[in-house]
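Overview (structure and organization)
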Amino acid sequence: KRVVYYAFDNLDGEVMERLFALVTGLDITEPKVSADYGQAVREALGGESRRFVLKTMPVRSMSPADVHRHVLKVQGYLRWRDLEAGLPEDSAGKVDMICVDYGDLLSPAKHYDQLRINLQKIFEDLTGLAKVLQCVVWSATQGNRESLKKVQTKEWFGMEDIAEGYGKTMPM
């Protein structure tokens, strides 16, 4: 599976390190003494097959439309690589999942006076992106103060625990 991951509040190295620890099961706090550590990270996350594409950007520097344009560029590059490698044309360049870390940090296409409406529009646009590209779009969102209590007591979150309104949880 191929994943395009957009991080808006972390550096490349931090994101890669966390994902490497997740994929390999290694403790993230262990010192990285190997000179081949960077290569190991790349290979664990897809290597030359480009199964994992990471894009880090400043907060609010991209809208869902910008994400869409970037994914189309990535698909074009992957399609070229896949066809060169002999993959069938119907599967060449396919992206299976887009991760947005996290949706609240995108910029809306049009700005409204109320933050909750801006956020709702962002998540509606992400839902539309999933439909147009026929892939999964995954994003986290910010919880409210009550959700912090649930984290501490290991309870489940509900829509009432989402910061800035329900609109983000049911875009369309």
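Positionally, Arg-2 belongs in the segment before strand S1 (3-7). Under the relative-accessibility criterion, Arg-2 is labelled buried at 12%. In terms of polar contacts, Arg-2 uses its side chain to reach the side chain of Asp-82, at 2.5 Å.

On to the packing of aromatic side chains. Throughout the structure, instances matching the rule amount to two aromatic pairs. When the ring of Tyr-5 is compared with that of Phe-52, the centres are 6.0 Å apart and the planes differ by 40°; the resulting orientation is tilted. A residue pair is termed long-range when its members are at least 10 positions apart, and Tyr-5 in strand S1 and Phe-52 in strand S2 (residues 52-56) qualify at 47 residues. On the accessibility criterion, Tyr-5 (12% relative accessible area) is buried. Judged by its relative accessible area of 17%, Phe-52 is buried.

Our next topic: a nonpolar patch on the surface. A contiguous nonpolar patch, built from Leu-148, Val-151 and Phe-157 and spanning about 290 Å² of accessible area, is present on the exposed surface. By secondary structure assignment, the location of Phe-157 is in the segment after helix H5 (145-152). Classification of Phe-157 as partly exposed rests on a relative accessible area of 44%.

Mapped onto the elements of the fold, Val-59 is located in the loop between S2 and helix H3 (64-84). Separated by 43 residues in sequence, Val-59 and Tyr-102 have C-alpha atoms that sit 9.6 Å apart. Those residues within four positions of Val-59 in sequence are excluded, and the remaining contacts are Phe-8 and Leu-105.

Across the sheet, four strands lie side by side as S2-S1-S3-S4; this open sheet has parallel pairing. Each of the sheet's edge strands pairs with one partner strand only, and the pair in question is S2 and strand S4 (136-139). Sheet twist, expressed as the average angle between the axes of neighbouring strands with direction ignored, equals 15°. In this structure, S1 lies alongside S2, joined through five bridges in parallel fashion. Bridging across to S2, Val-4 finds its partner in Val-53. Together, S1, S2 and strand S3 (97-101) form the strand contacts of H3, whose direction differs from that of S1 by roughly 140°. Contacts from helix H4 (residues 115-133) reach S3 and S4, with the element oriented near 155° to S4.

With 19 residues, H4 should cover 27 Å at 1.5 Å per step; its first-to-last C-alpha distance of 27 Å lies within 8% of that length. Three or more residues of H4 are buried, namely Asn-118, Leu-119, Ile-122, Phe-123, Glu-124, Leu-126, Gly-128, Leu-129, Ala-130 and Leu-133. The first or second residue beyond H4 is Gln-134, which carries a positive phi of 50°.

This brings us to the state of the cysteines. In total, this model carries zero disulfides according to the counting rule given. Of all cysteine sulfurs, the one in Cys-135 lies closest to Cys-99, which takes part in no disulfide; the gap is 9.7 Å. Residue Cys-99 is classed as buried on the basis of its relative accessible area, which comes to 8%. Relative accessible area serves as the criterion here: at 11%, Cys-135 is assigned to the buried category.

Cut-off values and rules
Residues numbered from 1 in each chain as written. Predicted model: local features only at pLDDT ≥ 70, side-chain atom pairs only at ≥ 80, totals over all residues. Heavy atoms only, no water. Helix = DSSP H or I, 4+ residues; strand = E, 2+ residues; numbered from the N terminus. Buried < 20%, exposed > 50% of the residue type's maximum accessible area, 1.4 Å probe, protein only. Polar contact = N/O pair within 3.5 Å; in protein donor to acceptor, adjacent residues only side chain to side chain. Phe/Tyr/Trp six-rings, centres within 6.5 Å; stacked < 30°, edge-to-face > 60°. Patch = residues over 30% accessible without salt bridge, like charges linked within 9 Å, V, L, I, M, F, W, Y side chains within 5 Å. Areas by Shrake-Rupley, 256 points an atom, 1.4 Å probe, with all protein chains shown as cover. Salt bridge = Lys/Arg side-chain N within 4 Å of Asp/Glu carboxyl O. Contact = heavy atoms within 4.5 Å. Pairing = 2+ DSSP bridges. Axes fitted to C-alpha atoms, helices over the stretch in contact; angles between N-to-C directions. Expected span 1.5 Å × (residues − 1). Disulfide = S-S within 2.5 Å.

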